[in-house]
Amino acid sequence: MSYGSISMEAHATLALGMNRMSAKSNTGEGGEDPARFVTLENGDTMRSSIKQVASGRFGVTIDYLTNADELQIKMAQGAKPGEGGELPGWKVLEDIAKTRKSTAGVGLISPPPHHDIYSIEDLAQLIFDLKNSNAAADVSVKLVSEVGVGVVAAGVAKCKADHILISGYDGGTGASRWTGIKHAGCPWELGLAETHQTLVLNGLRGRVTLETDGQLRNGRDVVVAALLGAEFFGFATAPLIAMGCIMMRKCHLNTCPVGIATQDPVLRKKFAGQPEHVVNYLMLVAEECRTIMAKLGFRSMDEMVGHAEALQYDKSLKAAGAPQLQMLPILMPAHRMPDAGKIGKVENRKLYAQEHFPVLQRLIDRYLVNAADVSFRFGDPCVVDYNNVRNNDRAVGTLLSSELTKRWGADALPAGLVHVRMKGSSGNSMAAFLAKGVVLELEGDSNDYAGKGLSGGTVIVYPPRNSSFYAEENIIVGNVCMYGATSGLAFFRGIAAERFAIRNSGAWVVVEGVGDHGCEYMTGGRVVILGKTGTNFGAGMSGGIAWIFDPEGDFEKNCNREMVELTRCDQLMPEVLPLETQELRGMLDAHVRFTGSGVAQRVLSDWSNSLKCFWRVLPVDFKKVCADNIKAGKLPTMQYLEEYMPPQKQVPIPRDVISKQELKPLELGGDLKTMDMEDLAQRPVKVEPEKIDAKRGFVVYKRKEIRKRSAAERLTDFQEITAARDDDEVRTQAGRCMDCGTPFCHQSVTDKSGCPLGNLIPEWNALAKQGNWQEALR
């Protein structure tokens, strides 16, 4: 239950009650007001221990993440799996918009897909990113109870999640659709039993804790959940009832008569709930648990977890002629199943932590934190150089941002306090959740998710200064960059791949081309694109502005106009965007200064004509809100650029970066000579047999092609088609085999071998290296 779906009073009261019991409350996917992070005078705190990271990424900042005991990735919602949610614009008030980093009055859409999770590897990357943002917090993954969820949960455990939540189909607010309430999802009992059994059988149960939710109401529900494998138990509807909810199911209409599921200031005054109501209710649940546990002979919850043999189905239902369910698969204790113990140890609950430390210790951010010591200790500016970034260096800058935020807070750092200058090719999630005060400058390129969740920092990426290609015609960053960015600046001298700036809610970005689905579901910020775009641009875009430089007139057909208006920028809109020209020009000036972009230079040099070539992509609802604000006297300013722009002295202008206008056309005076990469190095094709390197032969020895004999030569004899080679040369070439196992050439049965000739390649190579030609031929 997020702030926005329920009132601040209800959300904070629930957090107060849970914190008093040393239990955990959940923010939901609506972010959390930083004012709630502060401990009150009486020792109470309204801070939610669990911070949720959902597909919408509403309000997910580095400050939000560092103030958590648990970070929960919400893959889907049990009450409405596959549907997602929506907060209508008339419920997005000023405080909610501020918390969610969006625009007041503009609706927020939260469809199911996490755009940085399209595979289990992507989920592992997000878990890694979140662990970097808060190394002390556990990372949990919320899954929906359904057939096959156990296999998914096993993958989640291997991705190094600390906690797995199985959500049942009951529960949820009255804002759930009838299709979801009536037809979607499964009972939590089915998903929980399958997940626990699968984890035990695969030797993974000892790594993770299991939780379940979905209309848990009393002590009996808790005991049943524990016996089926749960260690944690989620309550939502029942505590709301304890605080005064009367189940009117008016949640989606903003007319809740008891001030819980409403943002109406008059109705919110009717809220009468107290933290004591939540505490008393859960204490009664615990007392009932103790009574049932005593009857079953369990002394603690840990003893009870996973002992499904203590459960029995009601046999009176069979006598009454009710349809029979196959209860045995659910009630089968996992530790007694025939395959238990074949993989790993038999473990019924979490016994040890996931091994995050070995990975986190190798981060280059450890070096960056030490190098920026003067900024940590005294708050003085510093410049850090790192010239060997590689594509296995993931989430560069995230841990640095986390530590700076813990030390100084989110808003205390001036722009450009720590300037990191790097060279190379960075891995996934470079500058993820980068904090205000950090500039990450990369001379090279970056992989997927660069700038994801940007939280006030500045990202600068441009090609190597000795590059000989057109920067504006080559991809420089990967897919899903700037996803869920909330504030800050980014300058990319080159093209970004697909799904650029999805769900951007506040960052200002310049890039020189994007792939398909650019600015999808964007809710705020500014995006300048100095090049071509892919299809479906601006789908679901409800806020912010995108400017596309399109002198050739190709963009119009690529724009999804369902929620946006498309106009040329020379048609000024002073009643809506009085500072549009200044904002656009200010971004281009900064792009030239930080990256040396030739495209931006040409645009600025002929500004009056270039402005006519820009398209303005403006969401309809956002346009109306901007116009209303101006009528109400709320005039925009250039404060954003002034606040987040690093000082010029901290960011040297890149030199010697080739732009298209500086390059001479390639002279094609004859045949282009091509060269195999293996021919670039001087390596022998033959060595003495006793000196053959069996482990690194592929790298050490050069490939020797087998020359075919001419047809005229072959007609005179019955010899092989290919020319003969001496033994040492063949044995050296056999040493190049890496025994990679692809395509299954290592199989032991010849007629089932992956080799199209039926050969056993590694075995043949091994015999050839030994000089055992007879066995090799046989």
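What comes next concerns the included structure.

Glancing now at the overall build of the protein chain. Counting its regular elements, the protein chain contains 28 helices and 20 strands. Taking contacts inside the protein chain between residues at least 6 apart in sequence as the whole, the part at least 24 apart equals 61%. By element, 53% of the accessible surface of the protein chain is carried by carbon and sulfur atoms, the whole surface being about 36100 Å².

A separate point is the packing of aromatic side chains. For the structure shown, the criterion picks out eight aromatic pairs. Plain terms: the ring middles of Phe 492 and Phe 500 are 6.0 Å apart, the flat faces sit at 85° to each other, and that makes the pair edge-to-face. There is no split in this pair, since Phe 492 and Phe 500 are both buried. A ring pair is formed by Phe 537 and Phe 555, whose centres lie 5.3 Å apart and whose planes are at 80°; its orientation type is edge-to-face. Within this pair, whereas Phe 537 is found in the loop between β17 (523–529) and β18 (543–549), its partner Phe 555 is found in the loop between β18 and β19 (564–568), the two being separated by 18 residues in sequence. Judged by relative accessible area, which is 2%, Phe 555 ranks as buried. Among the aromatic side chains, those forming a connected cluster through ring pairs are Trp 508, Tyr 640 and Tyr 644. Over the ring of Phe 128 we find Arg 394, and its NZ or CZ is 3.9 Å from the ring centre. Cation over ring: Arg 568 sits above Trp 615, and NZ or CZ is 3.9 Å from the ring centre.

Right, let's talk about the sheet that holds strand β5 (residues 138–144) for a bit. The strand order across the open sheet built from six strands is β1-β2-β5-β6-β7-β8, with neighbouring strands paired in parallel fashion. The outermost strands of the open sheet, each flanked by one partner alone, are β1 (50–53) and β8 (232–234). The sheet shows a mean angle of 25° between the axes of neighbouring strands, direction not considered. Relative to strand β7 (residues 209–213), strand β6 (residues 163–167) is paired through five bridges, and the arrangement is parallel. Directly across from Ile 164, in β7, lies its bridge partner Leu 210. Of the strands in this sheet, β5 and β6 are in contact with helix α5 (residues 149–158), which crosses β5 at around 165°.

We now examine the nonpolar core. Across soluble globular proteins, nonpolar side chains have a tendency to be buried as a group. Within the largest apolar cluster, 70 residues are counted, with the highest numbers of intra-cluster contacts made by Ile 73, Leu 130, Ile 164 and Leu 228. Apart from residues no more than four positions distant in its own chain, Leu 130 is found in contact with Val 53, Leu 65, Leu 71, Ile 73, Val 139 and Phe 433.

Read from one edge to the other, the open sheet built from ten strands follows the order β9-β10-β11-β12-β14-β16-β17-β18-β20-β19, with strand pairing classed as mixed. Edge positions in the sheet fall to β9 (382–389) and β19, since each of these pairs with one other strand and no more. Neighbouring strand axes in the sheet, compared pairwise and without regard to direction, differ in orientation by 15° on average. Bridge count for strand β10 (residues 418–426) against strand β11 (residues 438–446) is nine bridges, and the pairing is parallel. The residue bridging Met 422 from the neighbouring strand is Leu 442, located in β11.

About the thresholds
Residues numbered from 1 in each chain as written. Predicted model: local features only at pLDDT ≥ 70, side-chain atom pairs only at ≥ 80, totals over all residues. Heavy atoms only, no water. Helix = DSSP H or I, 4+ residues; strand = E, 2+ residues; numbered from the N terminus. Contact = heavy atoms within 4.5 Å. Areas by Shrake-Rupley, 256 points an atom, 1.4 Å probe, with all protein chains shown as cover. Phe/Tyr/Trp six-rings, centres within 6.5 Å; stacked < 30°, edge-to-face > 60°. Buried < 20%, exposed > 50% of the residue type's maximum accessible area, 1.4 Å probe, protein only. Lys NZ or Arg CZ within 6 Å of the ring centre and 35° of its normal. Pairing = 2+ DSSP bridges. Axes fitted to C-alpha atoms, helices over the stretch in contact; angles between N-to-C directions. Core = buried A, V, L, I, M, F, W, Y, C linked by side-chain atoms within 4.5 Å.

By themselves, these are just geometric observations and shouldn't be taken as functional.
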